[in-house]
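# Examination of the molecular architecture
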Amino acid sequence: MRITLPLPARSTEKPHRPEEHTIATAVLFDVDGTLVDSNYLHVHAWRRAFHALDRNVDSWRVHRAIGKGSGKLLATLLGDEDAERVGDEAKELHSRFYLETAELLRPFDRAPELVRTLAGRGVRVVLATSASPDELDVLRKVLDVDDVVDGIVSGEDVEATKPDPEPVFAALEKAGTSPEDTIFVGDAVWDVHAAAKAGVRTVSVLSGGVGAAELTDAGAVAVYDDAAALLDDLDGSVLFS
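Please read all numbers here as calculations on a predicted model, not as lab measurements.

Strand order in the open sheet made by the 6 strands is β3-β2-β1-β4-β5-β6, with parallel pairing throughout. Of all the strands in the sheet, the pair left with one neighbour each is β3 (151-153) and β6 (222-224). Each neighbouring strand pair of the sheet contributes to a mean axis angle of 25°, computed without reference to strand direction. Sheet strands touched by helix α8 (residues 189-197): β4 (182-186) and β5 (201-205). Its angle to β5, the strand with the most contacts, is close to 170°.

This part is about the pattern of salt bridges. Opposite charge on two side chains makes pairing possible when the charged atoms of those side chains draw close. With the rule as written, the count across this model stands at 15 salt bridges. The salt bridge partner of Arg61 is Asp58, with a shortest N-O separation of 3.8 Å. What makes Asp58 partly exposed here is its relative accessible area of 42%. Close ionic contact of Asp191 with Lys162 constitutes a salt bridge, the shortest N to O distance being 2.7 Å. One end of the pair, Asp191, is in helix α8; the other, Lys162, is in the loop between β3 and α7 (166-175), with 29 residues separating them in the sequence. For the pair formed by Asp191 and Lys162, the shared burial category is buried. Each of Asp30, Lys162 and Asp191 takes part in a single network of salt bridges with overlapping partners.

On to helix α3 (residues 70-78). When we look at burial in α3, the residues that qualify are Leu73, Leu74, Leu77 and Leu78. Across the axial projection of α3, the buried residues extend over an arc of 100°, all falling on one side. For α3, the secondary structure elements touched by its buried residues are α1 (39-52), α2 (59-65) and α4 (80-100). Positive backbone phi, approximately 90°, marks Gly79, located one or two places after α3.

Let's shift gears to the side chain of Thr182. Within the element layout of this structure, Thr182 appears in strand β4. At 2.8 Å, the side chain of Thr182 forms a polar contact with the backbone oxygen of Ser178.

Next up on the list: the environment of Leu172. If you trace the backbone, Leu172 turns up in helix α7. Discounting residues that sit within four places of it in the chain, Leu172 has contacts with Leu28, Thr177, Ser178, Pro179, Thr182, Ala198 and Val200.

Turning to helix α5 (residues 111-120), a few remarks are in order. Among the residues of α5, those classed as buried are Ala111, Pro112, Leu114, Val115 and Leu118. When α5 is viewed along its axis, its buried side chains cluster within an angular range of 160° and face the same direction. Gly122 sits one or two residues past α5 and shows a positive phi near 90°.

About the thresholds
- Residues numbered from 1 in each chain as written.
- Predicted model: local features only at pLDDT ≥ 70, side-chain atom pairs only at ≥ 80, totals over all residues.
- Heavy atoms only, no water.
- Pairing = 2+ DSSP bridges.
- Helix = DSSP H or I, 4+ residues; strand = E, 2+ residues; numbered from the N terminus.
- Axes fitted to C-alpha atoms, helices over the stretch in contact; angles between N-to-C directions.
- Contact = heavy atoms within 4.5 Å.
- Salt bridge = Lys/Arg side-chain N within 4 Å of Asp/Glu carboxyl O.
- Buried < 20%, exposed > 50% of the residue type's maximum accessible area, 1.4 Å probe, protein only.
- Arc of directions from axis to C-beta.
- Polar contact = N/O pair within 3.5 Å; in protein donor to acceptor, adjacent residues only side chain to side chain.

Right, here's the structure in full:
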């Protein structure tokens, strides 16, 4: 059953939830667009990379592909053959341009607090991101929650990236929990698709720039404005009821 919860910051109405849902023993977090305000920096970096390679790709198309692993993003935007031809150079350029803007990266309001609150309640927390090692180092410094997370899965740890379920399976292994006892929190439809293939329910946030209807249509069981809104409704969310 697919449910969109009322956004907690704007409504006091109690959401309906299926009774078969269980309290989560682990939460898997996407990072870009979910915990860190980075999606539009990625869009700009990819646009600069494509421009440098004389490829014209509309920014809105780039944004819709954000959340996929870089190889899948390039295949989606350039086609398989061209992605194979210029993919390595495009990835290198993207990473360079993105890291040039690293000073603009910031955690979303109360995102670190959300992670720490869950960990403080005994919930196992795993970060699951497609970021490269250099990008991941920056994200970890920005979030500053390494001391409370149970593991981190990056693009280097898996062969197939989102929307394939391999990153979610890897995160489940880090958490040591079963799919039915786990929640994935992400901002993209690719998060929802990957989690669903692994048998994990997804709570989505709007902070990545994807609309609520698209996220619920993909299968998200709840949608919040952002990490702060989820934290405000934590006891009433599917994570704890």
